[in-house]
Amino acid sequence: MLNLTPLEIVEELDKYIIGQHKAKRSVAVALRNHFRRRQLAGEIQREVTPKNILMIGPTGVGKTEIARRLARLARAPFVKVEATKFTETGYVGRDVESMVRDLVQASYVMVQEEQLERVSERAAKNAEEHLLDALLPGGTEEGRAKMRELLEAGKLEDRSIEIEVKDERPQQMMMPGMEEMGLNLQEMMSNLLPKRRVRRKTTVREAREALRGEEAEKLIDHDEVSREAISRAENSGIIFIDEIDKVTGSDNTSGPDVSGEGVQRDLLPIVEGTQVNTRYGQVKTDHVLFIAAGAFTASKPSDLIPELQGRFPIRVELEELSASDFQLILTKPQYSLTKQYTELLKVDGTRLRFDDSGIEAIAEYSARVNADVEDIGARRLHTVLETVLEDVSFATNLGDVVIDRAYVEKKLEDIASDEDLSRYVL
Ligand SMILES: Nc1ncnc2c1ncn2[C@@H]1O[C@H](COP(=O)(O)OP(=O)(O)OP(=O)(O)O)[C@@H](O)[C@H]1O
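What you see is a predicted model; the values in this text were computed from it and never measured.

1. A closer look at the nonpolar core
M55, L352, V388, L389 and I403 are the most contacted members of the largest nonpolar core, which totals 59 residues. Among the elements that make up this core, the one with the highest residue count is helix α14 (residues 356-372) (six residues). Each of domain 1 (6-108 + 225-317) and domain 3 (323-425) gives at least three residues to this core. The residues touching L352, leaving out its near neighbours within four places in the chain, are Y341, T342, L345, L389, V392, V401 and I403. Of all hydrophobic cores here, the second largest spans 41 residues; its members include I241, L268, F296 and I305.

This is the structure:
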């Protein structure tokens, strides 16, 4: 985990998220406390529990985005789940623990990627030797040196060769229930059976890719990846539980088996700290950071069961976004929507330029449709912008195109003034 102060964390988040200062401060404090806890001596470290956060605010105002960015900053494994998912009928028991298994899986992928990156140079060297073997089986030293020269000069890329690689086709299937026990049949089977290898005819370019992947796999220690994945999930994992407001008792009409309160009761031990079996080993959830979020329009945080309320001591309200926030969201973040579209269309020879008046108009229309139809927050910008840019996206090689107020109005006026049409298009 990076050693960032709360102020630095907020500054980092500011690069991607507009407004919501209180929420940024809260998550910065929670993350820093994580770091502080690690500096403590053994015994008291175990006593200090993470200060989980409850985010309250309408949809599309940045709750998930803040949590996700925070996780990325901290290089922490992250998963998002919807609390309502566990109330669905037809579930064989509510498998609330699956969120912990998903976290460990995310952690595993993250650690594995880091390790693969670390060995990539060695893997590339090994792959090159295998390529030479395939290009020149049983050749002389001299021949091999010549071949190596050609290969390094990129002269053999399209030559076809035959290599032996692992058979990637899936051979086994998962049995329902296995994952719940923390077992994975596929993995068990593939550990028992010798790996099937197949000969494949392909180009040097593609063979190199395949061989590098295989060599890298061979160079990393999967047991160590598993151990590190577990440790990282335990010590810095973040689980984001959305729609927590939808599992308050008051919302429930569908009987005891799928009640929201039941979900809360199942959540409680996980948030309090328990052990969960996963395919990589046992995971303790004591120090996982939980961020719960909800709009809380039909219910209040005080409708949650008291034990759960106590486990989310940091409460923070997120603000609704205004048209001027939308303007900033469209332009300011590092990879804002307008920058994304500009880069995308540049590929096809269209140079977009968003005039301030155009940005203003897009923001105003978005706020208006949110007010008239349904408030979906900043998500509205995606649909509105897509509609504005539909024609330029369909075309190619348009040269310079300026998106100003007149352009936006022409594209949107008919739709936005028709509420029914807005419902479908925007
Ligand atoms: N304040 C903001 N600054 C920049 N982008 C934002 C902001 N709020 C929302 N967005 C963008 O809007 C989209 C939806 O935001 P997000 O997923 O954070 O919503 P949310 O508040 O978590 O809502 P929900 O609870 O429905 O998931 C994302 O693409 C996000 O980048």
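Next comes the rest of the account.
2. A closer look at the packing of aromatic side chains
This model, assessed by the stated rule, comprises two aromatic pairs. Taken together, a centroid distance of 6.4 Å and an interplanar angle of 40° make the contact between F78 and F240 tilted. Linking F78 in strand β2 (residues 78-82) with F240 in strand β5 (residues 238-242), this pair joins segments that are 162 residues apart in sequence. With a centroid separation of 4.3 Å and an interplanar angle of 10°, the aromatic rings of Y108 and Y280 are classed as stacked. Taken together, the positions of Y108 in helix α5 (residues 98-135) and Y280 in the loop between β6 (275-278) and β7 (281-284) put the pair 172 residues apart, joining distant regions of the chain. Residue classification places Y108 among the buried residues on the basis of a relative accessible area of 9%. A cation sits over an aromatic face here: R69 above Y16, 3.9 Å from the ring centre.

3. Regarding the UniProt feature "domain: Clp ATPase C-terminal" (unreviewed entry) in the protein chain
Per the UniProt record, "domain: Clp ATPase C-terminal" (unreviewed entry) is annotated on residues 321-412. Structurally, residues 321-412 is divided into 64% helix and 11% strand, and its ends, taken at the C-alpha atoms, are 21 Å apart.

4. Notes on the site of the ligand
Near the ligand you find 18 residues, and of these I18, T59, G60, V61 and T64 are the closest. Within the side chain of T64, a nitrogen or oxygen atom sits 2.4 Å from an oxygen atom of the ligand. Within the backbone of E65, one N or O atom sits 3.0 Å away from an oxygen atom of the ligand. Considering the ligand on its own, with 620 Å² of exposed area, one finds that the protein chains cover 86% of that surface. Of all the secondary-structure elements, those providing two or more residues to the shell around the ligand are α4 (63-73) and α15 (379-388).

5. Some remarks on unusual backbone geometry
Phi at R75 is positive, roughly 50°, even though this residue is not glycine. As for its position among the elements, R75 is in the loop between α4 and β2. Not every positive phi belongs to a glycine, and F296 is a case in point at roughly 50°. With respect to the helices and strands, the residue F296 is situated in the loop between β8 (289-294) and α11 (306-311).

6. Side note on the sheet that holds β5
Reading across the sheet, the five strands line up as β2-β5-β8-β1-β9 and stay open at both edges, with parallel pairing between neighbours. At either margin of the open sheet sits one strand with a lone partner, and together these are β2 and β9 (314-317). Sheet twist, expressed as the mean angle between neighbouring strand axes with direction ignored, is 20°. As judged from the four bridges shared by strand β1 (residues 53-56) and β8, these two strands associate in the parallel manner. By the bridge assignment for β8, I56 is matched with G294.

7. With respect to the confidence of the model for the protein chain
Parts of the prediction with low pLDDT should not have their coordinates interpreted in detail. When pLDDT is averaged across the protein chain, the result is 88; 89% of the residues are at 70 or more. Looking at the elements of the protein chain, mean pLDDT is at its lowest for helix α7 (residues 185-192), recorded as 60, and at its highest for β5, recorded as 97. Reported for the predicted complex are a pTM of 0.85 and an ipTM of 0.97.

8. Focus: the pattern of salt bridges
Applying the stated criterion across every chain yields a total of 28 salt bridges. Here R405 and E360 are joined by a salt bridge, their closest N and O atoms 3.1 Å apart. On the criterion of sequence distance, the pair formed by R405 in helix α17 (residues 405-416) and E360 in helix α14 is long-range, its members being 45 residues apart.

9. Examining the side chain of S26
One can find S26 in helix α2 (residues 21-39). Excluding residues within four positions of it along the chain, S26 makes contact with I53, I314 and V316.

10. What about the environment of F240?
Residue classification places F240 among the buried residues on the basis of a relative accessible area of 0%. Considered as a pair, F240 and A298 are 58 residues apart in the sequence and their alpha carbons are 21 Å apart. Sequence-distant contacts of F240, defined by excluding residues within four places in its chain, comprise M55, K63, T64, A67, F78, V79, K80, V81, I291 and A293.

11. Some points on a nonpolar patch on the surface
On the surface, L421, Y424 and V425 cluster together to form a nonpolar patch covering roughly 320 Å² of accessible area. Relative to the helices and strands, L421 resides in helix α18 (residues 419-425).

Rules behind the numbers
- Residues numbered from 1 in each chain as written.
- Predicted model: local features only at pLDDT ≥ 70, side-chain atom pairs only at ≥ 80, totals over all residues.
- Heavy atoms only, no water.
- Core = buried A, V, L, I, M, F, W, Y, C linked by side-chain atoms within 4.5 Å.
- Buried < 20%, exposed > 50% of the residue type's maximum accessible area, 1.4 Å probe, protein only.
- Helix = DSSP H or I, 4+ residues; strand = E, 2+ residues; numbered from the N terminus.
- Domains from an automatic or database assignment.
- Contact = heavy atoms within 4.5 Å.
- Phe/Tyr/Trp six-rings, centres within 6.5 Å; stacked < 30°, edge-to-face > 60°.
- Lys NZ or Arg CZ within 6 Å of the ring centre and 35° of its normal.
- UniProt positions renumbered as here; feature names shortened; annotations may be inferred.
- Near = heavy atom within 4 Å.
- Polar contact = N/O pair within 3.5 Å; in protein donor to acceptor, adjacent residues only side chain to side chain.
- Areas by Shrake-Rupley, 256 points an atom, 1.4 Å probe, with all protein chains shown as cover.
- Pairing = 2+ DSSP bridges.
- Axes fitted to C-alpha atoms, helices over the stretch in contact; angles between N-to-C directions.
- pLDDT = per-residue confidence, 0-100.
- Salt bridge = Lys/Arg side-chain N within 4 Å of Asp/Glu carboxyl O.
- Patch = residues over 30% accessible without salt bridge, like charges linked within 9 Å, V, L, I, M, F, W, Y side chains within 5 Å.

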